[in-house]
Each structure stands twice: as structure tokens, then as C-alpha cells.
Amino acid sequence: LVSEIFNRVEDAKSLSACSVLCKRFGDVVAQTQNVSLEITRRDTLNQVSKGGSGWHVNKSKGFIGRYVLKPIHAFVHRMVSRKSKTCSRCCDEEEDDDDDMFRLPNDLLKNFKEIRSLSVKLPGHDGDISSENGSGALLKWKAEFGKQLESCVILGATGFHKSEPKPKTEVTESIKSEEASPPASTSTNLTNKQLKKRVVWTISCLIASSARHHMLKQIISLNQMIQNIKISDGSKQGSIKMTNKQVAELRNEMKLNDKVVGMERTKVPAVTIKMWYMPVLELPESGGVMKGATLAIIRPTATKEKDDDVSLTIGAFGEDFTMEAVRKLVDTKKSYTLEMNSF
């Protein structure tokens, strides 16, 4: 009974508190199979006493900067100018100083010996492009990995605001009026500038997902019983998940190579990108308007068996307005196809 209760608690912080109550609780907590871990932001941790929280503060900040923001900045820098050998050596030395930053989740999970299902939430940060940071922009992504990237879905908009959803009768009348008098001058073609912006979105999301996948490698290598795992963030911008089959595939690949997991992010394979775009997308059912609405489905170019676009995208993000937006974008006849080399 106690074990069942702890499995429903899930929160690693609460379970750790329970484990120090008595030896029996400590033994049962160690056997908990369902665990969720939230890595708290620095400003929240500063409110806690400085006894043992300083370690969490430095590690959390270092992880986000080192493995989410820094790879993006470094990649953009390489696009502009080639890095010199001297610069590379400096970066290598800097990486050596931060080698221990990736140990944060494993250090917090070391007392759990039988984790089967794990959920990790990273802190949101000021660099996020989301509808919640006041900019009006929207960028959400969801990636699935096995030993490498299997698929990634991105939904973005240069502007987004919510409104009251219209009743179905009003929706029908609105659709009829739009069909009777279509907009005159709105172009559905992406300009070069607009396309470049969406390529940057895609690169940023792929780098963030590959960095999180490497974090999964670290966790899986030290937790042999994990069967499914998910990493999300406090800004609800991006998530990466792996099922039992995908975890087993990655674990077998790691055993086959018999290598210690390095500190570099997982390499993104050559991919094919299918993209839909609408300059203005109204969402009458859920209430909202998206400007520059963009949906991108990314798959490895070498993938033979592909899920259809609708089944891959519907429900990828969970919110009602995203489901409606995805459905409407996929239904548009025009789409773009791009290819990107491995990086």
C-alpha cells in the first residue's frame, strides 16, 4: 500500500522528503517506479536557505546555458564564420570546466533504484519564444527519438492572441461569408526573409531536442530499468519523449558501441522538412488568431516507413488551439519541402 502511494506521489522532491522519515520509508522510496523531477529556476532556489541549495542553483543555470542556449549560439556563429583552431581549443577548455553540469538529473535521482517511468521538467528561461513571455510570438515543438531522431513537429507563429471561441452557428456563417468574399491581397507565399526565420526556428528546435536526447543517454546509462521517459520545460515550449521500444533501441546501441557517453549533443541526421504556412490563421472553435502560422514536420531523410502527416501532428501539443491550428494547416493544399544536411 505504501509503495502504491509513493508511486502516485511521483514528485522526486516529495519522495526524498518521505525517505528521511524512517528507514522503512527510505527503502520503499528507493523502489518507486514512477518518478517526476522538476529542476527549479535560480530565482526560486535563491529563496531557499543556502545550506545545500547553492549546488542546485549553479548546476541548473549551467545546464540550461551549456546544453540549450550555448549550442544554438555556437551553431549560429558557425553559420556566419568558420571557427579557427584557436577558438576551437578555447571552446574545448571551456567545455572541460563544465563537464559536470550534465550530472544534475542523475545526482538528484541516485536514490531511486527501480525507476520505470521518468518525467523531467527543465526550467523555463528568458530566451524562450512562447506566447507566455509577452512577445506575442509562439513556438512549440515535440520530438521523438530512438537511437537518433525519428520525428519532430514544430508549430510557430510570429504573432498570436486568444479570443472568445465562437458558437458553431457563428462559425458556419463566418465560413460562408469568407467563401463568398475571399481576401483580396493576402499572399500565401513565404518570402526569403520569412523562410530564413523559419529555418532558424527549425535549427533551434533540433539543437534543443538533440541536447535533451543526450541528457536522456546519460540518464538511461545509469538507470537500467527505465522503460519510458519524457523531458519537457517550464515554458511548455518543447518536449522529447521515448517509449519502451525506443529506450531499448538506444540502450542496445549504446551497448553495441561500448562507449562512455560523451558531453556533445546527439548529432542530427540529414532530414527532410515538410512545411505549411498561412499568413493569418483564424481559430474560431478554440478562439484565437495566429499570424505567420507555420507547421513543420521533420523526418530523417533515410526513413522508409513514415506515419501520415495528420496522425503525427494531431495531438502533438495537447492544447485545443494547437490541435485546431495543426488540422487547418495540414488541410491547406500548398506545402514546402526542404532538405537539411546532418549537423
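Residues numbered from 1 in each chain as written. Predicted model: local features only at pLDDT ≥ 70, side-chain atom pairs only at ≥ 80, totals over all residues. Heavy atoms only, no water.

An unreviewed UniProt entry lists the chain under the name F-box protein, with Ambrosia artemisiifolia as the source organism.

Considerations on the pairing of strand β8 (residues 271–282)
Every other side chain in a regular strand lies on the same face of the sheet, so the side chains alternate between the two faces. Bridge analysis of β8 against strand β9 (residues 289–300) gives 11 bridges, and the strand direction is antiparallel. Its bridge partner being in β9, Lys274 is matched across the sheet by Ile297. Here β8 pairs with strand β10 (residues 336–340) via 5 bridges, running antiparallel. Note on β10: the bridge partner recorded for Ile273 is Leu338. (Pairing = 2+ DSSP bridges. Helix = DSSP H or I, 4+ residues; strand = E, 2+ residues; numbered from the N terminus.)

Describing the side chain of Thr202
Tracing the backbone shows Thr202 in helix α9 (residues 192–222). Each residue touching Thr202, except ones within four places of it in the same chain, is listed here: Ile154, Ile273, Met275, Ile298 and Met340. (Contact = heavy atoms within 4.5 Å.)

Observations regarding the pattern of salt bridges
Taken as a whole and judged by the stated rule, the model has 6 salt bridges. Where Lys23 meets Asp27, a salt bridge forms, and the shortest distance between an N and an O atom there is 3.4 Å. One end of the pair is Lys23 and the other is Asp27, both in helix α3 (residues 23–30) and 4 residues apart, which spans about a single turn. Three or more residues joined by partner-sharing salt bridges are found here, namely Lys274, Arg299 and Asp309. (Salt bridge = Lys/Arg side-chain N within 4 Å of Asp/Glu carboxyl O.)

Considerations on the packing of helix α1 (residues 2–9) against α3
Running from amino to carboxyl end, α1 crosses α3 at an angle of 60°, the nearest separation of the two axes being 9 Å. With respect to α3, the element α1 is oriented oblique. The handedness of the crossing between α1 and α3 is right-handed. On the side of α1, the interface is formed by Val2, Ser3 and Phe6, while α3 contributes Arg24, Phe25, Val28 and Val29. (Axes fitted to C-alpha atoms, helices over the stretch in contact; angles between N-to-C directions. Parallel < 35°, antiparallel > 145°, perpendicular 65-115°, else oblique. Left-handed = near helix turned anticlockwise from the far one by under 90°.)

Here we look at the pairing of β9
By the criterion of burial, β9 is predominantly enclosed, with 11 of the 12 residues buried. Here strand β4 (residues 149–157) runs beside β9; their pairing, made up of 5 bridges, is antiparallel. If you follow Cys152 over to β9, its bridge partner there is Ile298. Here 3 bridges tie strand β5 (residues 159–161) to β9, and the two strands are oriented antiparallel to one another. Across the sheet, Phe160 pairs through a bridge with Met290, a residue of β9. (Buried < 20%, exposed > 50% of the residue type's maximum accessible area, 1.4 Å probe, protein only.)

Considering the confidence of the model for the chain
Of all residues in the chain, 69% attain a pLDDT of 70 or more, and the chain-wide mean is 75. Within the model, the stretch residues 171–185 combines pLDDT values under 50 with 4 contacts to residues more than four positions away or in other chains. (pLDDT = per-residue confidence, 0-100.)

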